[in-house]
Amino acid sequence: MRIGVLGTGNMAQALATHWVRAGHEVLVGGRDAGKARLLAARMGGGTRYGEPGEAAGFGEVVLAALPYGAGAEVVGSVRDRLEGRVLIDCSNPVGPGFRLLTDGGPSAAVRLARAAPGARVVKAFNLCHEDVWRMTPPVFDGRPLAVPLCGDDASALAHVEGLVRDIGCAPVAGGGLDRAGLLEATAALFIGLWVGEGADVQAIAPPLAFAAGPRR
């Protein structure tokens, strides 16, 4: 598969490096050509680099590894190149005090979908720190990390499910794109508990067998 990457930061490197190793063709697109060139070299495997427009038009899937504040602007600037493509949003609109920056408005993923209405947006990969995504693979106590996906297009979701498996994780259906805001709010809650309270969020929920209470 051909994958374009919008962004040159830690999430771009962490996720796309897995996909290069899995044999996908990757092109990194950044407004800073030097950063894009350096990231492509770090990934290896013949990874190419260019401007955001080149990454947007490169392949079937485009990863938007962009800060919340810049995402819609960058995506909007290349909207014509994104027509019909799968666009993955991994951003977290979380600000100081672990506050959700969307503040009751559209989710970050929906804002990207509005900025590029021809793209097929899938929300994914937003619940973990970039260093978790660098693990090969992210497996804990023998169980692969589960990755919730939110999107409206079945074919787009199938593409992203495959990329989740390439990382060594397990995709989980999270509903339509209208539920992406719930994933983003979950990230805000988790980050606040992990970082602010030093709490283990896995202790919040009972095991699946007890989700409806103990069996009688």
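Quick summary incoming for the structure in this document. (Residues numbered from 1 in each chain as written. Predicted model: local features only at pLDDT ≥ 70, side-chain atom pairs only at ≥ 80, totals over all residues. Heavy atoms only, no water.)

A look at the side chain of His24
Here comes step 1: The topology assignment puts His24 in the loop between helix 1 (10-21) and strand 2 (25-29).
Here comes step 2: Within the local environment of His24, its side chain forms a polar contact with the side chain of Asp166, the two groups lying 2.6 Å apart. (Helix = DSSP H or I, 4+ residues; strand = E, 2+ residues; numbered from the N terminus. Polar contact = N/O pair within 3.5 Å; in protein donor to acceptor, adjacent residues only side chain to side chain.)

Focus: helix 4 (residues 68-77)
Here comes step 1: All of the buried residues along helix 4 are Ala70, Gly71, Val74 and Val75. Along the axis of helix 4, the buried positions cluster into a sector of 125°, meaning they face one direction only. In helix 4, the exposed positions that point more than 90 degrees away from the buried face belong to Gly69, Glu73 and Ser77.
Here comes step 2: Buried-residue contacts for helix 4 involve strand 1 (2-6), strand 5 (86-89) and helix 5 (108-115). (Buried < 20%, exposed > 50% of the residue type's maximum accessible area, 1.4 Å probe, protein only. Arc of directions from axis to C-beta. Contact = heavy atoms within 4.5 Å.)

Digging into the packing of helix 1 against helix 7 (residues 154-167)
Here comes step 1: In the contact formed by helix 1 and helix 7, the axes pass within 9 Å of each other and the chain directions differ by 90°. On the basis of their axis angle, the class for helix 1 and helix 7 is roughly perpendicular. Side by side, helix 1 and helix 7 meet where Leu15, His18 and Trp19 of the first sit next to Leu163, Asp166 and Ile167 of the second.
Here comes step 2: Residue composition of the contact of helix 1 with helix 7, by class: 4 nonpolar, 1 polar and 1 charged. (Axes fitted to C-alpha atoms, helices over the stretch in contact; angles between N-to-C directions. Parallel < 35°, antiparallel > 145°, perpendicular 65-115°, else oblique. Nonpolar A, V, L, I, M, F, W, Y, C, P; charged D, E, K, R; others polar.)

Structural notes on the pattern of salt bridges
Here comes step 1: Within the structure shown, the criterion is met by 7 salt bridges.
Here comes step 2: Close ionic contact of Glu73 with Arg31 constitutes a salt bridge, the shortest N to O distance being 3.9 Å. Of this pair, Glu73 sits in helix 4 while Arg31 sits in the loop between strand 2 and helix 2 (33-43), and the two are 42 residues apart along the sequence. Per residue, the accessibility class of Glu73 equals that of Arg31, and both read exposed.
Here comes step 3: Of the charged contacts in the structure, one is a salt bridge between Asp131 and Arg134, with a shortest N-O distance of 2.4 Å. (Salt bridge = Lys/Arg side-chain N within 4 Å of Asp/Glu carboxyl O.)

As for the packing of aromatic side chains
Any aromatic ring pair is given by two values, namely how distant the centres are and how the planes are angled relative to each other.
Here comes step 1: Enumeration over the complete set of coordinates arrives at 3 aromatic pairs.
Here comes step 2: Ring geometry for Phe125 versus Trp133: centroids 5.3 Å apart, planes at 85°, classification edge-to-face. Accessibility classification places Phe125 together with Trp133 in one group, the buried group.
Here comes step 3: One residue, Arg2, lies across the ring of Phe58, its end atom 4.0 Å from the ring centre. (Phe/Tyr/Trp six-rings, centres within 6.5 Å; stacked < 30°, edge-to-face > 60°. Lys NZ or Arg CZ within 6 Å of the ring centre and 35° of its normal.)

Some thoughts on the pairing of strand 1
Each regular strand displays side chains that alternate between the two surfaces of the sheet.
Here comes step 1: Where burial is concerned, most of strand 1 is hidden: 4 out of the 5 residues are buried.
Here comes step 2: The pairing of strand 1 with strand 2 spans 5 bridges and is parallel. In the strand pairing of strand 2, Gly4 is matched with Leu27.
Here comes step 3: Viewed along the sheet, the connection from strand 1 through helix 1 into strand 2 turns out right-handed.
Here comes step 4: Here strand 1 pairs with strand 4 (residues 61-64) via 4 bridges, running parallel. Each bridged residue has a counterpart across the sheet, and for Val5 the counterpart in strand 4 is Leu63. (Pairing = 2+ DSSP bridges. Right-handed = clockwise from strand over helix to strand, strands pointing away.)

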